[in-house]
Amino acid sequence: MTDTHATTPTTDHETEVRSRRAQEWAEWAAEHYQDFAALEREWPHIADGFAQAAASETRDDQLVIDYTVALMSWFMVRRDWDTALMWLNEAVHACQALADDEMLAVMYNRGGLIYCLRGVYSEGFNWYSRALPLFEKLGDRAALATVEGNLGLLAVAMGDRTAEQHLKRASLLNMQLGNLSSEAQFVEQVLVTLLTRGWDAAATLAAMRLRAIAEETDRSS
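Here the residue numbers are simple positions, counted from 1 along each chain's written sequence. Owing to the predicted nature of the model, reporting of local features is limited to residues with pLDDT of at least 70; listing and counting of side-chain atom pairs is limited to 80 or more, with chain, interface and lining totals taken over all residues. Side-chain figures throughout are based on the complete set of non-hydrogen atoms in the structure, without hydrogens or water.

A.B. asks: Tell me about the side chain of Asp-61, and name the residues and values.
C.D. replies: Helix and strand assignments follow DSSP, with helices taken as H or I runs no shorter than four residues and strands as E runs no shorter than two, numbered in order from the N terminus. Secondary-structure assignment places Asp-61 in helix 4 (residues 61-78). Excluding residues within four positions of it along the chain, Asp-61 makes contact with Ala-94, Ala-97 and Leu-98. In what follows, residue pairs with any heavy atoms lying within 4.5 Å of each other are defined as contacts.

A.B. asks: Which residues make up the pattern of salt bridges, and what values go with them?
C.D. replies: Throughout this description, the term salt bridge denotes a Lys or Arg side-chain nitrogen within 4 Å of a carboxyl oxygen of Asp or Glu. Tallying each qualifying case throughout the model produces ten salt bridges. Note that Lys-137 is salt-bridged to Asp-101, the shortest N-O span being 2.5 Å. Of this pair, Lys-137 sits in helix 7 (residues 121-138) while Asp-101 is found in helix 6 (residues 101-118), placing the two residues 36 residues apart along the sequence. Between Glu-148 and Arg-169 there is a salt bridge; the shortest N-O distance is 2.9 Å. A residue pair is termed long-range when its members are at least 10 positions apart, and Glu-148 in helix 8 (residues 141-158) and Arg-169 in helix 9 (residues 163-177) qualify at 21 residues. Burial status follows relative accessibility: with a 1.4 Å probe on protein chains alone, a residue under 20% of its type maximum counts as buried, one over 50% as exposed, and anything between as partly exposed. Here Arg-169 falls in the partly exposed class, since its relative accessible area comes to 27%. A network of salt bridges, in which partner residues are shared, links Glu-40, Arg-78 and Asp-80.

A.B. asks: How would you explain the packing of helix 4 against helix 5 (residues 81-98) if you had to name every residue and give the values?
C.D. replies: In helix packing, the relevant descriptors are the interaxial angle and the interaxial distance, both defined with respect to the helix axes. One can describe the packing of helix 4 onto helix 5 by two numbers: an axis separation of 9 Å at closest approach and a directional angle of 150 degrees. Viewed along their axes, helix 4 and helix 5 adopt a mutual orientation that is roughly antiparallel. In this structure, helix 4 meets helix 5 at a crossing whose hand is left-handed. Across the interface between the two elements, Asp-61, Gln-62, Val-64, Ile-65, Tyr-67, Thr-68, Leu-71, Met-72, Phe-75 and Met-76 from helix 4 touch Trp-81, Thr-83, Ala-84, Trp-87, Leu-88, Glu-90, Ala-91, Ala-94, Cys-95, Ala-97 and Leu-98 from helix 5. Its residues assigned to classes, the contact of helix 4 with helix 5 shows 16 nonpolar, three polar and two charged. Axis lines are fitted through C-alpha atoms, for helices just across the contact stretch, and the angle between N-to-C directions can take any value from 0 to 180 degrees. Here roughly perpendicular refers to angles of 65 to 115 degrees, roughly parallel to angles under 35, roughly antiparallel to angles over 145, and oblique to all remaining angles. Each crossing is labelled by how the near helix is turned from the far one, with a counterclockwise turn of less than a right angle marking it left-handed and a clockwise turn marking it right-handed. Residue type decides the class: Asp, Glu, Lys and Arg count as charged, Ala, Val, Leu, Ile, Met, Phe, Trp, Tyr, Cys and Pro as nonpolar, and the leftover types, Gly among them, as polar.

A.B. asks: Just give me the short version of unusual backbone geometry, but keep the residues and values in it.
C.D. replies: Phi at Arg-79 is positive, roughly 60 degrees, even though this residue is not glycine. The residue Arg-79 is located in the loop between helix 4 and helix 5 in this model. In the Ramachandran plot, Ala-99 falls in the positive-phi region, its phi being about 55 degrees despite a non-glycine side chain. The residue Ala-99 is located in the loop between helix 5 and helix 6 in this model.

A.B. asks: Account for the environment of Ala-29, with residues named and values stated.
C.D. replies: Checked against the element boundaries, Ala-29 lands in helix 1 (residues 12-31). Distance from Ala-29 to Ile-46, taken between C-alpha atoms, is 7.4 Å for residues 17 residues apart in sequence. What Ala-29 contacts, discounting residues up to four positions off in sequence, is Leu-39, Ala-70 and Leu-71.

The analysis is restricted to geometry; functional conclusions fall outside its scope.
And the structure:
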C-alpha cells in the first residue's frame, strides 16, 4: 500500500533551483531596498530566499549577509524587531564564518540600534560593546566616535558610571576628526544628559569643550 502522506525527498535539481532563486531574490532586494511597498509585496519570496540561504543544508553565508543588509532599514520602518534580530543573529554567525570583521562590526552596530529602538538598553549596550573593538581593529575612527557616544548615552540612561569615559572618548575622537558641527551637536546632547544626572564635574568639561568649539568655528568662519 502506498503511503499517501509520505513526503517526497527534495532532489538535487530542486535544491539547485531554490538556491538560484534565493540568489536572484537577494539581488532583487538589494536593488529595491528603498522601495518599501515593493518589499512588502514580494516579502513571501524574500523570506523564502533568506530561509534557503540560512538553512543548514543549503547555507550560503554571504547570501545571508546580503539579505540582512538589504532588508534591515525596512524592518526598522515596520518596527519588526523580532525578524530584524533573528536575521541579524544569522548574519553575525555568517560574518564570523567568513572572518569578515568589517561587516561583523556593522551588524553589531545595527543590533545596538535595534535594541535601543526597542527600548532594551542593556542589550543595546552589549551589542555596541561588541562593535567597539572591531571598529578599533579596523581603524575606523568615525565609527568609533559614534559607538563611544552611543555607549556613553546608554550608560547615562542606565545610571552606569562608565558613561563619562565613553563620552569623553567620543568627544576626543570627534575633535581629532575635525568635524566641529557634529561634535558640537554631540557635546551639547551630552551636556544636557550629564546635567540632568547631576554629574557636574563631567558637565563642566563638556561645557568647556562646547565653548572651545564655538571659538574654533568663529575663527574659521
